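What the coordinates show
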Amino acid sequence: MLSYSSVIVDRLETHFIVSEVGLTVSLVFSLVLVATTRWHGRFTLDATRGVQKFHSAPTPRIGGLAIIFGLFVACALSSDAQQDLFAPLLLASLPAFLFGIAEDLTRRVSIGARLLATMASGVLCWALTDVHILETGLDPLDAALAWLPLSVLFTAFAVGGVANAVNIIDGFNGLASGTVVIGLVALGFIADGCGDAELARLCFLICAVTAGFFLVNFPFGKLFLGDGGAYLLGFLLSWLSVMLVYRNPDISPWAPLLACAYPVFETVFTIARRLWCRRHPGQPDSCHLHSLVKIAITGRYFRAFSAPLRNAFVSPFCWAIAAVPAWLAVRFADNSPALLPATLASFALYLGFYWYVAHAARARRRRAMRSQARVAASIAALAAEPEPVQS
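Quick caveat: nothing in here was measured; it's all calculated off a predicted structure. (Residues numbered from 1 in each chain as written. Predicted model: local features only at pLDDT ≥ 70, side-chain atom pairs only at ≥ 80, totals over all residues. Heavy atoms only, no water.)

Focus: the packing of helix H9 (residues 175-193) against helix H11 (residues 226-247)
Contact geometry for H9 and H11: axes closest at 10 Å, N-to-C directions at 15°. The orientation of H9 with respect to H11, classified from their angle, is roughly parallel. Seen from above, H9 lies across H11 with left-handed handedness. Counted together, Ser177, Val180, Gly183, Leu184, Leu187, Ile190 and Ala191 of H9 and Leu233, Leu237, Leu240, Ser241 and Leu244 of H11 form the full contact between these two elements. Looking at side-chain class alone, the contact of H9 with H11 contains 9 nonpolar, 3 polar and no charged residues. (Axes fitted to C-alpha atoms, helices over the stretch in contact; angles between N-to-C directions. Helix = DSSP H or I, 4+ residues; strand = E, 2+ residues; numbered from the N terminus. Parallel < 35°, antiparallel > 145°, perpendicular 65-115°, else oblique. Left-handed = near helix turned anticlockwise from the far one by under 90°. Contact = heavy atoms within 4.5 Å. Nonpolar A, V, L, I, M, F, W, Y, C, P; charged D, E, K, R; others polar.)

Examining empty space enclosed by the protein
Evaluation of the coordinates by the stated rule reveals 1 cavity of 30 Å³ or more. By volume, the largest cavity is sized at about 40 Å³. As for the largest cavity, its lining consists of Thr179, Ile182, Gly183, Leu237, Leu258, Ala259, Cys260, Ala261, Tyr262, Pro263 and Ala322. For the lining of the largest cavity, the per-class residue count stands at 9 nonpolar, 2 polar and no charged. (1 Å grid on protein atoms, 1.4 Å probe; cavity = no way out; pocket = protein on both sides within 12 Å on 5 of 7 lines; lining within 4 Å. Points joined across faces, edges and corners; volume = space filled by probe spheres on them.)

So, the packing of aromatic side chains
Within this structure, the stated rule accounts for 15 aromatic pairs. Measuring from centroid to centroid gives 5.0 Å for Phe305 and Phe313, while their planes differ by 85°, and the two rings are edge-to-face. The exposure class assigned to Phe313 is partly exposed, which follows from its relative accessible area of 23%. In textbook terms, an aromatic cluster arises when at least three aromatic residues are bridged by ring pairs, as seen for Phe265, Phe269, Phe347, Tyr350 and Tyr354. (Phe/Tyr/Trp six-rings, centres within 6.5 Å; stacked < 30°, edge-to-face > 60°. Buried < 20%, exposed > 50% of the residue type's maximum accessible area, 1.4 Å probe, protein only.)

With respect to the packing of helix H3 (residues 63-77) against H11
Relative placement of two packed helices is described by the angle separating their axes and the distance separating the axes. For the pair H3 and H11, the least separation of the axes is 8 Å and the interaxial angle reads 45°. For the element pair H3 / H11, the angle class is oblique. Of H11, the residues touching H3 (which contributes Gly64, Ile67, Ile68 and Leu71) are Gly229, Leu232, Leu233 and Leu236.

Following this line, the structure appears as structure tokens:
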């Protein structure tokens, strides 16, 4: 008869093997997509022009295909207990992923349709698992969430919001996928700390599969995540956050919020900023935190590097903003009184860094405009000089 410790060791060995296979499949599939660009490029290449475009070479934006293929392979090889968690989650992610990949291929799927698709994934996942948000830490809202239809709708809206938030920050090499990995690692540590080993392993397994794509995306940006990949990873991150609190009531609902804090902060602040400026919340602009980091920091201090590397250097600055609240989530996972000020402090950190890079970006633009004005004035002066009279 096998001892309990032997069973645990066997499960860990199986988990590591499945993670390695998932990573390898995702990596190989990503490399195949890059190598076959000439065959699918007319449908999959991302444009280089646009208010939020910073890359200089057309690049395939269907990295989500590699991730979801790796996830399906990993799910098929997982243990029965792991599949009970993984399979419904993966199946429910399909509406969000398919609408995102349709946008990657056609550029004709509206923001509203993609938001509804991510919410539909949330409703489908509730139907398959009966998991939904029961507690938020806000007593009036918690009382309202006792009514199941409202709880399911609120859960779908929250999940859709986080999925779209991850898509919003997907602007530079490795930024979105790296941020999701930070959030998943935080959720995994929290789950492991409260004894939920299966959920912790699922978080780390998805990290491993995502890492396969990440190795091709960062730092040189040979393959982009795309809307399909961003919505897929955003949905997985948000639903695992919901599952963590549902399966472990001792965990504060503020903990998974902090694990996902950076994309949530970016989305909330972006909506508020655009409404303040009397613009539509869905109108794209180049005033996201990552865009300003590119202008104010990497565009100024990393000019000696190539354009892809300058773009890649944006991500570590934003990962730092994501890592601080994620660490606080792990540190105070079951301490709601500490997590509320931690959330406020993390948002203050985000706002402070945003103010710094926005101020630096404006100063750099002013210097560039003055330089251009001086050049234009010199050209005008030269043009105005009379030609010498030849005798």
